[in-house]
Amino acid sequence: MISTMECAADAQSLISISLMKIHNSRTQRGGIKLHKNLLVSYVLRNARQVYIKEKYAEIYRMQQYEEVMTVCNEIQELNPLDLDAEDAEDEEQARSACCSAEESLCGAACHRGAAQPVAHARTASALFGCSPLEDGSKEPDPCYYRSCCMEPSPVSHCDQFTANSNMHCNKTTVLDLDTHVVTTVENGYLHQDCCCDALQCGQGAQSPARKRKVEFGCCVSDVEDVSDFTAARKRAKREDCCYSNLDYTDTSNISNLISIFGSGFSGLLSRQSDLEQICSKQVLASLGAWTRAIVAF
Amino acid sequence: MGEDAESPKINHTFLRDYVTEADVISTVEFNQTGDLLATGDKGGRVVIFQRETESKGESEEVGETGDSGEYNVYSTFQSHEPDFDYLKSLEIEEKINKIRWLPQQNAAHFLLSTNDKTIKLWKVSERDKRPEGYNLKDEEGRLKDISTITSLQVPVLKPTDLMVEVRPRRVFSNGHTYHVNSISVNSDGETYLSADDLRINMWHLGITDRSFNIVDIKPANMEDLTEVITAAEFHPHHCHLFVYSSSKGTLRLCDMRSSALCDRHTKLFEEPEDPGSRSFFSEIISSVSDVKFSHSGRYLLTRDYLTAKVWDLNMDKGPVETYQVHEYLRSKLCSLYENDCIFDKFECVWNSSDSVIMTGAYNSFFRMFDRETGRGVTLEAWRESSKPRAVLRTRRVYSGGKRRRGDVGVDSLDFTKKILHMAWHPSENIIAIAATNNLYIFQDRVNPETQLQ
């Protein structure tokens, strides 16, 4: 999509430069120039796409390594039950890819929050509800995050994998300028794309033997029991599918970017370094100010 | 002591290079005969130049028109003042965005000038006679003592020094919420259009309190905004046709006979994007900065950041000709984005026979392309390198390959010296180039008259 000459590092600086331009345009003589700001928002969108893509590629690479390690570590847990449940596992992977958002946030929240319980407590305030964990997982993981602005999506997980899923995707994106974390809320699921493992999860596991560990500090949610590499390859395919879901189509529009402006701008103004603020209701509500500003003139 | 001796030199250099922002020329336009040339600047002033006519009997040969290529200042006036929108707390710049002349109908000349919000119609007239011999007033205008008046006299008109008067005749205000980028006089001589980022209005030259909205691309939710209008122009002959360009690189031809609101185009001109050349800045460089109908009315000329394209009105699949203006900048887009140069809006013009197109570039360079041969030439508008009446030499930007003497490297281009605005005489090979605060007028002495094909 974007020329491979542009790497993710440039994307990050472009995002910063673009936001600075938009910020400066508010004080320019003659009022906000709609045309120029529109073009800047396109650059912002393009840079964000590349940035996210690179991040996920990095995560995928990391995850590949982790899976290999997992195979070695958990090879002793193999039993006939697991082999039969391989089909179930495929379906599980389909769901897991969709649920990757939660896991990513789990990992991210753990990584980012001052302390794990604190992070959970804060994110809990943003929760509408929590999907029950069937497997009696030991960790009290925060599960589905829903955007305060959007209806909870009743769509079943597997449906999200249809080709048209992007069309119905409801996305709001928020960027923290201080930490350069892009948080996307998509169909009720929150993604965070900074150094977190987006793709490993095992939500609602069938097998009680599956353990889920949320590791603090290394952003990896180690959840899969991999019996063999075939399963790993299947997962790889699912992940590719998941990547394409993240390739924002042209339906990504200024609404996403205005979300970025809103949070970025308020970040500039208030100098908030607290990451949790980004997910908070207040910031999402302040997006209206930007929209109004653009409409007003 | 040493410092004192040096500082005047430094100050002098500083003053010489310093350009008042208000003096930067923002638009250039010839009138329909080419006798008058108007320029507008960022300070809201309009300067009109008139072509000098050589006095009869002086080196006039048979067949020559008797006009030199010299233009002298004819009149200067303040068209727009800085304004303030109290409702939105926005300052309105006085910068003249466009000037368009009306076709001449009597001795006076009329022109439209616009800033971001308001369009004004100006009447430029000459006065070279004045009445003399009033009964009640003396020559200075003082009232006479009645006792001294013994007889009645009839005032007579006596020739006087030429005086050019410019008066505002109409003010077309409150028609636009967004920034006006184009105005275009219709061939019917009665109406004109004005375009801002999201709307195009049609006005009658005689009516200032109403305008007719003919295009509105504002989405119901501003968050859904994906493109804006960048330029608009009426067809030179068909009073029902106009074209407007968008920031997405598309052109839309609209026919006002089909519906009152021309939101649905009659024809959409769009070139499919080359997926291989996609970059962060693809949207920016594909935004059309200027669109001009050819004099014949058959072709359209558009300018985007790196190219100039000629479109045939009969073919909407893509341009018929594409000219690379400064392709060497394609690898520099990132730094051009940082210094805002990527947002520069270059204009483009046709020559009178539609055989040559011209557009501006950086480093005081401008380019001409011969449509027949497809070849382009780079010229420079810079006083240090060209004396009056000297022949312009062609320049070259070195971007690889064999370097010739006089070539300029891409990295030594001066991006502050940009040629954005220009005009071509309607019938002769005379061009006016605006370079920051200077106006250059070049004439082709070899072929002064355009060869009609």
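Heads up: the structure comes first, above all this text.
Values in this document were obtained by computation on a predicted structure and should not be read as measured data.

Definitions and cut-offs
Residues numbered from 1 in each chain as written. Chains lettered and ligands numbered in written order. Predicted model: local features only at pLDDT ≥ 70, side-chain atom pairs only at ≥ 80, totals over all residues. Heavy atoms only, no water. Pairing = 2+ DSSP bridges. Helix = DSSP H or I, 4+ residues; strand = E, 2+ residues; numbered from the N terminus. Axes fitted to C-alpha atoms, helices over the stretch in contact; angles between N-to-C directions. Buried < 20%, exposed > 50% of the residue type's maximum accessible area, 1.4 Å probe, protein only. Salt bridge = Lys/Arg side-chain N within 4 Å of Asp/Glu carboxyl O. Disulfide = S-S within 2.5 Å. Contact = heavy atoms within 4.5 Å. Buried area = accessible area lost by both parts, 1.4 Å probe. Polar contact = N/O pair within 3.5 Å; in protein donor to acceptor, adjacent residues only side chain to side chain. Nonpolar A, V, L, I, M, F, W, Y, C, P; charged D, E, K, R; others polar.

Caption draft 1: Structural view of the sheet that holds strand E20 (residues 299-303) of chain B. Residue and element names in this part refer to chain B. An order of E19-E20-E21-E22 is seen for the four strands of this open sheet, with the pairing classed as antiparallel. Edge positions in the sheet fall to strand E19 (290-293) and strand E22 (321-324), since each has one partner strand and no second. Ignoring which end each strand starts from, the neighbouring axes of this sheet average 15° apart.

Caption draft 2: Quick peek at unusual backbone geometry. Residue and element names in this part refer to chain B. In this model, Asp 354 sits at a positive phi of 60°, which is unusual for a non-glycine residue. Of note, Asp 354 is situated in the loop between strand E23 (348-350) and strand E24 (356-360). Phi is positive for Thr 436, close to 55°, though the residue is something other than glycine. With respect to the secondary-structure elements, Thr 436 resides in the loop between strand E30 (430-435) and strand E31 (438-443). For Thr 436, a relative accessible area of 26% gives the class partly exposed.

Caption draft 3: Local environment of the pattern of salt bridges. Residue and element names in this part refer to chain B. Counted under the stated rule, the structure contains 38 salt bridges over all chains. Two residues, Arg 130 and Glu 132, come together in a salt bridge whose shortest N-O distance is 3.9 Å. For Asp 407, the salt bridge goes to Arg 396, with nearest N and O atoms at 3.0 Å. Residue Asp 407 is found in the loop between strand E27 (397-398) and strand E28 (408-409), and its partner Arg 396 is found in the loop between strand E26 (376-380) and E27; the two are separated by 11 residues along the sequence. Residue classification places Asp 407 among the buried residues on the basis of a relative accessible area of 10%. Classification of Arg 396 as partly exposed rests on a relative accessible area of 29%.

Caption draft 4: Representation of the state of the cysteines. Counting across every chain of the model gives zero disulfides over all chains. Note on Cys 254 of chain B: no disulfide assigned, nearest cysteine sulfur contributed by Cys 262 of chain B at a separation of 5.2 Å.

Caption draft 5: Spotlight on the pairing of E22 of chain B. Residue and element names in this part refer to chain B. Residues Glu 321 and Tyr 323 of E22 are buried on one face, while the alternating residues Thr 322 and Gln 324, pointing to the opposite face, are not. By the bridge criterion, four bridges tie strand E21 (residues 307-312) to E22 in an arrangement that is antiparallel. Opposite Thr 307, over in E22, you have Gln 324 as the bridge partner.

Caption draft 6: Summary view of the interface of chain A and chain B. The interface is formed by 35 residues belonging to chain A together with 34 residues belonging to chain B. Counting the surface lost from both chain A and chain B, the interface buries some 3,300 Å², and carbon and sulfur atoms represent 62% of this. Our count for the chain A to chain B interface comes out at six salt bridges. The salt bridge partner of Lys 33 of chain A is Glu 93 of chain B, with a shortest N-O separation of 4.0 Å. In this assembly, chain A and chain B are joined by 15 residue pairs in polar contact (both at pLDDT 80 or more). Breaking the side of chain A that touches chain B down by element, the ones donating at least two residues are helix H1 (8-25), helix H2 (34-74), helix H9 (254-270) and helix H11 (281-296) of chain A. In terms of residues, the side of chain A that touches chain B owes the most to one element, H2 of chain A, which gives 12 residues. Residues belonging to the side of chain A that touches chain B are distributed by class as follows: 20 nonpolar, nine polar and six charged.

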